[in-house]
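Structural overview
Read off the chains here:
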Amino acid sequence: MKKMLHALLLLLLALPAWGQTSPALDQLKADPRKSYGNDYPYPMENVRLTKAPRGYKPFYISHYARHGSRYYWTDKLYKDLDTTLTAAHEKHLLTPVGEAFHDKFKAAHKELMTGMGELTQLGWNQHQFIARTMYRQFPQVFKKGGNVFAISSLSGRCVLSMSAFCQELVQCNPKIEIREQSSRFTLDGVVPTDGQNPVKHNYPKVTPRYEKNRDQVKGDNSLREAVVSRVFTSTEGLPFSTRHIASDLLNLYTTLPSIGHEGMMNGIATDEEFAKQWEVSNLGSYSWVFGPQYQMIPILEDIIKKADAVLDGSSDHIADLRFGHDTCLGPLTVLMGLNGADLDPEDPGKVKDCYQNWETCKACNMQLVFYRGKKGKDDILVKCLLNGTEATLPVPTTCHPYYKWSDFRRFYLDRCNRMKQ
């Protein structure tokens, strides 16, 4: 009996370790499509927010967003797949599933080539949803109308995302006046790394610490091998390597929900299979966003500068909006340490707990909402939303998710100055 009790005690002591789960993996289990990473379409869901402390009301919003869902960013994917499938069809190297895919792809090929890089209807809808949600959640900011300034990268999909957002705000309240600008004059505040930006910076790229231990991570090629075997009976004599073909198939698959062709690759891959390999792909994403974080200092400085102007009365903006790319917002989340993205763990297994690549999904966005208390400009709080959900900042606070603007400003200006040095 004592042995049984001892064994049961050991089992109970072991349960917490066995039962430990990662919040990231829990999210992935609930929605396997999050494994698409930056191809994940924005989740248009309503989120309940924490009430502001008594006496505080929102009065200003500073925002940065990635463009919405689009066709693949380069036509090379579509060209290479067309070449591969045509050759395989002519050589009778396609499985029945592959032949069905070939026919569907060929039927959509002209559309895909024409649409390359363009915003889709879903992308337009995403930004209208975000604008409408912002208006509904913070009516005090917008109810009297006022001036809004919106800037965009020079990319058409960003310009249209800005247009969708701004149109929806004006639909909510015609008293809102919005000045939209997409020009080289404003690139430093939205895409400072653009080659056309007249302001040149020389910030270094950095490497996350986990890279020293990358050999602890075992790559898994099972999905690559599976998708190729489901489409082709053999890849001998095809114009590209098997690895290249597999990458093309996987890249196409994750874009299909954004362009309205979800059924094109039935029988070739599943979301659950992508979820099984997500942790490894997330590591690569972390390196990708971690490296250029310093290069986003101009965006953070633009956020602070424009907020200062509102607070000192030299600007009458009720909102400043920015529309750019994941290549900016991803590194910006690391620079600002949103939800611990700046923690930089040495253990590759811990990266998933501080950064998840679906946070840079299509139409991903950050909103800084400013609240004024009864003491005026010396009593300002700010709250950060990442994709509509309240985010944690590395700034000390006693009332999360709200932070004193003076603490926020001091912390991030110090961080920018240290990084510049």
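Owing to the predicted nature of the structure, the values given are computational and were not obtained by experimental measurement. (Residues numbered from 1 in each chain as written. Predicted model: local features only at pLDDT ≥ 70, side-chain atom pairs only at ≥ 80, totals over all residues. Heavy atoms only, no water.)

**Remarks on the overall build of the chain**
- Along the backbone of the chain there are 14 helices and eight strands.
- Relative to the compact-globule value of 22 Å for 421 residues, the chain shows a C-alpha radius of gyration of 24 Å, a close match.
- With respect to the three principal axes, the spread of C-alpha positions in the chain is 75 × 75 × 40 Å.
- The proportion of buried residues among the 421 residues of the chain is 54%.
- Here the analysis covers contacts within the chain between residues at least 6 apart in sequence; of these, 80% occur between residues at least 24 apart.
- Accessible surface for the chain amounts to roughly 20000 Å². Of this, 52% is attributable to carbon and sulfur atoms. (Helix = DSSP H or I, 4+ residues; strand = E, 2+ residues; numbered from the N terminus. Rg over C-alpha atoms; globule rule 2.2 N^0.38 Å. Buried < 20%, exposed > 50% of the residue type's maximum accessible area, 1.4 Å probe, protein only. Contact = heavy atoms within 4.5 Å. Areas by Shrake-Rupley, 256 points an atom, 1.4 Å probe, with all protein chains shown as cover.)

**Quick word on the state of the cysteines**
- With the rule as written, the count across this model stands at zero disulfides.
- The thiol of C158 is unpaired, and the distance to the nearest cysteine sulfur, on C328, comes to 8.8 Å.
- Among the residues examined, C158 registers a relative accessible area of 0% and is labelled buried.
- Cysteine C172 remains unbridged, with the sulfur of C166 as its closest cysteine sulfur at 12 Å. (Disulfide = S-S within 2.5 Å.)

**With respect to helix α14 (residues 405-420)**
- Under the 1.5 Å per step criterion, the end-to-end length of α14 is 22 Å for 16 residues, consistent within 8% with the ideal 22 Å.
- Along α14, the residues that are buried comprise W405, F408, Y412, R415, C416 and M419. What you see down the axis of α14 is that its buried residues fit within an arc of 105 degrees, all on one side. (Expected span 1.5 Å × (residues − 1). Arc of directions from axis to C-beta.)

**What about the nonpolar core?**
- F101, F142, F232 and L252 are the most contacted members of the largest nonpolar core, which has 113 residues in total.
- Among residues more than four places away in sequence, those in contact with F142 are I61, M134, Y135, L169, N173, I176, I318 and A319.
- If you look at the next biggest cluster of nonpolar residues, it comprises ten residues, including Y286, F290, V334 and A341. (Core = buried A, V, L, I, M, F, W, Y, C linked by side-chain atoms within 4.5 Å.)

**Points about the packing of aromatic side chains**
- Under the definition given, this model contains 16 aromatic pairs.
- Residues Y36 and F274 carry aromatic rings whose centres are separated by 6.0 Å and whose planes lie at 70 degrees to one another, so their mutual orientation is edge-to-face. With a gap of 238 residues between them, Y36 in the loop between α2 (23-30) and β1 (57-66) and F274 in helix α10 (residues 271-276) connect regions that are remote in the sequence.
- For Y36, a relative accessible area of 7% gives the class buried.
- Judged by its relative accessible area of 4%, F274 is buried.
- Between Y286 and Y355, the aromatic rings sit 5.6 Å apart at their centres with planes inclined by 35 degrees, giving tilted as the arrangement. (Phe/Tyr/Trp six-rings, centres within 6.5 Å; stacked < 30°, edge-to-face > 60°.)

**Details of the pairing of strand β3 (residues 176-181)**
- Relative to β3, strand β2 (residues 146-152) runs parallel, the two sharing six bridges. The residue of β3 that forms the bridge with G146 is I176.
- Read from β2 through helix α7 (residues 156-172) to β3, the crossover connection turns out right-handed. (Pairing = 2+ DSSP bridges. Right-handed = clockwise from strand over helix to strand, strands pointing away.)

**Description of empty space enclosed by the protein**
- Summed over the entire model, instances satisfying the criterion amount to two cavities of 30 Å³ or more.
- One number sums up the size of the largest cavity: a volume of about 110 Å³.
- Around the largest cavity, the lining comprises 14 residues; the ones closest to its centre are Y42, T133, Q137, Q367 and G388.
- If you list the elements that add at least two residues to the lining of the largest cavity, you get α5 (121-137) and β5 (365-373).
- Per element, the largest residue contribution to the lining of the largest cavity is five residues, and it comes from α5.
- The class makeup of the residues in the lining of the largest cavity is six nonpolar, seven polar and one charged.
- Together, T333, L338, N339, A341, C354, Y355, Q356, E359 and L386 line the second largest cavity.
- Split into classes, the residues belonging to the lining of the second largest cavity amount to five nonpolar, three polar and one charged. (1 Å grid on protein atoms, 1.4 Å probe; cavity = no way out; pocket = protein on both sides within 12 Å on 5 of 7 lines; lining within 4 Å. Points joined across faces, edges and corners; volume = space filled by probe spheres on them. Nonpolar A, V, L, I, M, F, W, Y, C, P; charged D, E, K, R; others polar.)

**Remarks on the packing of helix α4 (residues 96-115) against helix α9 (residues 242-259)**
- Close contact between α4 and α9 brings their axes to 14 Å; oriented N to C, the two are set at 65 degrees. Between α4 and α9 lies a crossing of left-handed hand. Packed against α4, whose contacting residues are F101, F105, E111 and L112, the element α9 presents L249, L252 and I259 at the interface.
- Looking at the contact of α4 with α9 residue by residue, the classes come out as six nonpolar, no polar and one charged. (Axes fitted to C-alpha atoms, helices over the stretch in contact; angles between N-to-C directions. Left-handed = near helix turned anticlockwise from the far one by under 90°.)

**Topic: the environment of Y412**
- Relative to the helices and strands, Y412 resides in helix α14.
- Through-space distance from the C-alpha of Y412 to that of I297 is 9.6 Å; in sequence the pair is 115 residues apart.

**Things to note about the environment of D215**
- Positionally, D215 belongs in the loop between β3 and α8 (222-231).
- Judged by relative accessible area, D215 falls into the exposed class, the value being 68%.
- Residues D215 and H89, 126 residues apart in the sequence, show an inter-C-alpha distance of 39 Å.

**Describing the pairing of β2**
- Within β2, five of the seven residues are buried, leaving the element largely enclosed by the surrounding structure.
- Sheet topology note: the β2/strand β4 (residues 317-324) ladder contains six bridges and is parallel. Bridging from a neighbouring strand, F149 pairs with D320 of β4.

**Side note on unusual backbone geometry**
- For the bond from H400 to P401, the omega torsion is 10 degrees, close enough to zero to count as cis.
- Its identity as a non-glycine residue notwithstanding, H92 has a phi of 60 degrees, on the positive side.
- Overall, the relative accessible area of 68% leaves H92 in the exposed class.
- A positive phi is found at D344, a non-glycine position, where the angle reads about 55 degrees.
- For D344, the location among the structural elements is in the loop between α13 (326-336) and β5.

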